Amino acid sequence: MFSKIGLGVLRALGYLPLSWLRALGAGLGDLLWVVIPSRRRVVQTNLRVCFAHLSEAERDALARQTFVHFAQAWLDRSWLWHRSAACIQSRVQLSGEVAALSEATPTVLFAPHFMGLDVGWTALTLNLPLRWTTIFTPQSNAAVDAWAAQGRQRFGRVRLFRREDGVKPIVSALREGALLYLLPDMNFGPSESIFVPFYGEPAATVPSLSRFAKLGRARVVPVVTRMTQTGYEVVVHAAWQDFPTDDAEADTATMNRRLEAFINTMPAQYFWVHKRFKTRPLGVPELY
């Protein structure tokens, strides 16, 4: 069980040079590949579905690198959530349409589940004196849950919503000027999900990006975080001009299609450890 001792060790690791920490993460990722065969099979299945055009050897290499990036990103939280703002700014480059976020326009940030998703949130809240909200999924381990909640509230004017808080307070905050950092690209079960293609395979997807943008009369701005040798790059992309529409299902399919384009630029950094296709349409065979 992850304990206070474990958190203390992780916090201490944050003071290692980044190159040392990344090397440690690479070793940990290789170890996880061996000792967690159930999760290894999840990653392999996801990649087989989404990258059928690659050879088995190519997919295997991607899967192994996914485990490495997962471990490295986990260890990087040691400095992200415990080192100084100066340390973070020296390792995280924020670029793109950053200035546009300060416009007085309701904004939903589409933040896909790349390994550096927490880095993107921290970079924005640290560098921009705006109001921020996001939806926080509780962790099963109480110590990790408290640690993550504290880490995500380090900088700026932020508010973390729980899923049980419902839609209304989130929309109210959005209409009142708080930017919503939204991560809607996971399988949260059949409740309120719709099946739209993801790499050609039907995937249960919550239409929350379209829904919140429409209810909040907000634009949608993608924010993508990439792990680099020297830290991370967080890129704010231009707002989508044709989103949302009056068709939530079409919007959600558009979201997945554009997400695929982001993933294709760095496939090993996407969160393939998640059972993206766990929920299946009626009569469609299980994948995992």
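So, a few notes on the structure that sits alongside this text. Keep in mind that this is a model prediction, so the values were computed, not measured.

Within the protein chain, the regular secondary structure consists of 10 helices and 9 strands. Taken over the C-alpha trace, the protein chain has a radius of gyration of 19 Å; the compact-globule value for 288 residues is 19 Å, and the two agree within 12%. Counting every position in the protein chain, which comprises 288 residues, the buried fraction comes to 53%. In the protein chain, 78% of the contacts between residues at least 6 apart in sequence involve partners at least 24 apart. Taken as a whole, the protein chain presents about 13,300 Å² of accessible surface, with 56% of it coming from carbon and sulfur.

Residues Leu31, Val34, Val35 and Ile36 make up a contiguous nonpolar surface patch of about 340 Å² in total accessible area. Using a relative accessible area of 47% as the deciding quantity, one classes leucine 31 as partly exposed.

With that settled, consider the side chain of serine 78. On the secondary structure map, serine 78 appears in helix α4 (residues 56-80). The class of serine 78 is buried, set by a relative accessible area of 0%. At 3.4 Å, the side chain of serine 78 forms a polar contact with the backbone nitrogen of glycine 14. Setting aside residues up to four positions removed in sequence, serine 78 forms contacts with Leu10, Arg11, Leu13, Gly14, Leu21 and Arg83.

Rules used in this analysis
Residues numbered from 1 in each chain as written. Predicted model: local features only at pLDDT ≥ 70, side-chain atom pairs only at ≥ 80, totals over all residues. Heavy atoms only, no water. Helix = DSSP H or I, 4+ residues; strand = E, 2+ residues; numbered from the N terminus. Rg over C-alpha atoms; globule rule 2.2 N^0.38 Å. Buried < 20%, exposed > 50% of the residue type's maximum accessible area, 1.4 Å probe, protein only. Contact = heavy atoms within 4.5 Å. Areas by Shrake-Rupley, 256 points an atom, 1.4 Å probe, with all protein chains shown as cover. Patch = residues over 30% accessible without salt bridge, like charges linked within 9 Å, V, L, I, M, F, W, Y side chains within 5 Å. Salt bridge = Lys/Arg side-chain N within 4 Å of Asp/Glu carboxyl O. Polar contact = N/O pair within 3.5 Å; in protein donor to acceptor, adjacent residues only side chain to side chain.

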